[in-house]
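Residue-level structure breakdown
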Amino acid sequence: MHKERTTLERKEHAFASVKNAVLPLVLVACMVFGTVWIYGEASTQYTWQWARVWRYVGTFQTDNFFGTFKAGLLLEGLGTTLLIVLYSLVFTALFALCLVFMKLGQSPVLIAVSSGIISVIRNTPLLIQLFLWYFVFAGIFGLTPFATAVLCLALFEGVYLAEILRSGIIAVSHTQWEASFSLGMTLPKTLVYVIMPQVFRNVLPSLAGQFISLIKDTSLVSAIAVADLTLQARNIISETYLSFEIWLITALCYFALTLFVSAPFWLLTKYFAKQYTK
């Protein structure tokens, strides 16, 4: 009986290994086939003009022996997008932590204020918030379009991140807190060494999704005249009418950014899964 069970487990493990190895290859093959088919069908009705596009990505100048690379408008816009993402991530994390401590505190006033902020920001579209900040508050506080975009994105993404972190903290058992305090640990040490590692492991997939949403939401800042990747693409299209080529390159840039962000989260998720099963 035990031998039959062992044999069955080996077969199930072998089947799972083959499935995990073959399924991604099948999905990639389907994506490649679909892309080639769509490109071929589009080529029958549209003449691709890729030769006119690459100078907007970048050009090599042979001013010296080695030559120099000059970034085009698309790469300049991509650089602006990266700066917006980096600054927004920092302020998003700070704003989210403030909201979490306010909502988990004992003060009814802070709880009411944080709940009101989360409700207002979460239930209004990001584009409307960008317009309000740009046309109303930016002139009052003297904010540039770039600063307005960073601030608005930080507030919008921060409320979602706050709810993610709050749910992760609530999910940790009270016995963890009691055990830490019984060992003489202070509140900061309890948060850093006991609570937050568990919270981080539990909310890791949600954090990855939120950061990816932040990258994609940066495309909306072009509506307030921030020269990001999307605005540069729109300007190039209005000049060259190369809509398909420019938007495809723009989509690939956003895809590369989100893939770059999601890969570390995927590796961390696999790592924590292995540690948890040990």
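In the block above lies the structure referred to throughout.
Report on the accompanying structure. (Residues numbered from 1 in each chain as written. Predicted model: local features only at pLDDT ≥ 70, side-chain atom pairs only at ≥ 80, totals over all residues. Heavy atoms only, no water.)

**A look at the environment of Asn202**
Operational definition: Comment: elements are numbered from the N terminus, with helices defined as DSSP H or I runs of at least four residues and strands as E runs of at least two. Exposure is judged per residue with a 1.4 Å probe applied to protein chains only, and the accessible area is read against the type maximum: over 50% gives exposed, under 20% gives buried, and values in between give partly exposed.
Tracing the backbone through its elements, the reader meets Asn202 in helix H8 (residues 187-217). Its relative accessible area of 42% is what places Asn202 among the partly exposed residues.

**Some thoughts on a nonpolar patch on the surface**
Heads up, the condition is: The patches reported here contain residues having more than 30% relative accessible area and no salt bridge. Joining distances are 9 Å for like charges and 5 Å for nonpolar side chains (Val, Leu, Ile, Met, Phe, Trp, Tyr). Areas reported here follow the Shrake-Rupley algorithm with a probe of radius 1.4 Å; residue values treat only the protein chains shown as occluding. Any carboxyl oxygen of Asp or Glu that lies within 4 Å of a side-chain nitrogen of Lys or Arg is treated as forming a salt bridge with it.
The grouping of Ile128, Leu132, Phe135, Val136, Phe137, Ile140 and Phe141 at the surface amounts to a nonpolar patch, some 720 Å² of accessible area in total. Structurally, Phe141 is set in helix H5 (residues 126-141).

**Points about the packing of helix H3 (residues 73-103) against H8**
Helices that pack against each other are described as a pair by the angle of their axes relative to one another and the distance between those axes. To keep it simple, the criterion reads: The axes used here are C-alpha line fits, helices contributing only the stretch in contact, and every angle between their N-to-C directions lies in the interval 0 to 180 degrees. Each angle receives one of four descriptions, namely roughly parallel if under 35 degrees, roughly antiparallel if over 145, roughly perpendicular if within 65 to 115, and oblique otherwise. The crossing is said to be left-handed when, going from far helix to near helix, the turn is anticlockwise and less than a right angle, and right-handed when the turn is clockwise. Note on contacts: a residue pair qualifies if any of its non-hydrogen atoms lie within 4.5 Å across the two residues. Each residue gets one of three labels, nonpolar for Ala, Val, Leu, Ile, Met, Phe, Trp, Tyr, Cys and Pro, charged for Asp, Glu, Lys and Arg, and polar for the others, Gly among them.
At a closest axis distance of 13 Å, the pairing of H3 and H8 adopts a crossing angle of 130°. Accordingly, the angle class assigned to the pair H3 and H8 is oblique. Here H3 runs over H8; the crossing is right-handed. Every residue of H8 that contacts H3 at Val85, Ser88, Leu89 and Phe101 is listed here: Leu191, Phe211, Leu214 and Ile215. Of the residues contributing to the contact of H3 with H8, the split by class is seven nonpolar, one polar and no charged.

**With respect to the packing of aromatic side chains**
Threshold: Think of it this way: a Phe, Tyr or Trp ring, Trp meaning its six-membered ring, pairs with another when their centres are within 6.5 Å, and the plane angle makes it stacked under 30 degrees, edge-to-face over 60, tilted otherwise.
Inspection of the entire model under this criterion finds ten aromatic pairs. Each ring, one from Trp48 and one from Trp50, has its centre 5.7 Å from the other, and the planes form 5°; the classification is stacked. On the basis of relative accessible area, Trp48 is assigned to the buried category, the value being 18%. Its relative accessible area of 22% is what places Trp50 among the partly exposed residues. With 6.0 Å between their ring centres and 45° between their planes, Phe131 and Phe135 make a pair best called tilted. Taken together, the residues span about one helical turn, with Phe131 and Phe135 both in helix H5 at a distance of four residues. Site record: aromatic cluster; members linked through ring pairs are Trp48, Trp50, Trp54 and Phe244.

**Some words on the pattern of salt bridges**
Counted according to the given criterion, the structure contains three salt bridges. The salt bridge involving Glu163 is made with Arg166; its shortest N-O contact spans 3.2 Å. With Glu163 and Arg166 both in helix H6 (residues 145-171), this residue pair falls three residues apart, about one helical turn. Assessed through its relative accessible area of 16%, Glu163 is described here as buried. Where salt bridges share partners, they join Lys103, Arg122, Glu163 and Arg166 into one cluster.

**Remarks on the packing of H5 against H6**
Contact geometry of H5 with H6 gives a least axis separation of 10 Å together with a crossing angle of 135°. Overall, the two elements H5 and H6 adopt an arrangement that is oblique. Handedness of the crossing formed by H5 with H6: right-handed. Contact residues: Leu126, Gln129, Leu130, Trp133, Tyr134 and Ala138 in H5; Pro145, Thr148, Ala149, Leu151, Cys152, Leu153, Leu155 and Phe156 in H6.

**Examining unusual backbone geometry**
Although it is not a glycine, Ala225 adopts a positive phi angle of roughly 65°. The topology assignment puts Ala225 in the loop between H8 and helix H9 (229-240). The backbone of Tyr241 sits at a positive phi, close to 60°, despite the residue not being glycine. The residue Tyr241 is located in the loop between H9 and helix H10 (243-277) in this model.

**Looking at H5**
Heads up, the rule is: Bending is quantified residue by residue as the angle between axes fitted to the seven-residue window ending at that residue and the seven-residue window starting at it.
At Tyr134, H5 shows its largest bend, some 35°. Every buried residue belonging to H5 is among Leu126, Gln129, Leu130, Trp133 and Ala138, and all of these are buried. In this structure, the buried residues of H5 make contact with helix H4 (108-122), H6 and H8. Once H5 ends, the next one or two residues include Gly142, with phi positive near 70°.

**Description of the side chain of Glu245**
Mapped onto the elements, Glu245 comes out in helix H10. With sequence-adjacent residues up to four places away left out, Glu245 is seen in contact with Tyr46, Thr47, Trp48, Gln49, Trp50 and Val53.

**Here we look at the nonpolar core**
Note the threshold: Throughout, nonpolar core names a set of buried Ala, Val, Leu, Ile, Met, Phe, Trp, Tyr and Cys residues whose side chains join them through atoms within 4.5 Å.
Grouped together as the largest cluster of nonpolar side chains are 54 residues, with contacts concentrated most on Leu74, Ile195, Val221 and Ile246. At the level of elements, H3, H4, H5, H6, H8, H9 and H10 are the ones that each hand at least two residues to this core. No other element matches the twelve residues that H6 contributes to this core.

The analysis is restricted to geometry; functional conclusions fall outside its scope.
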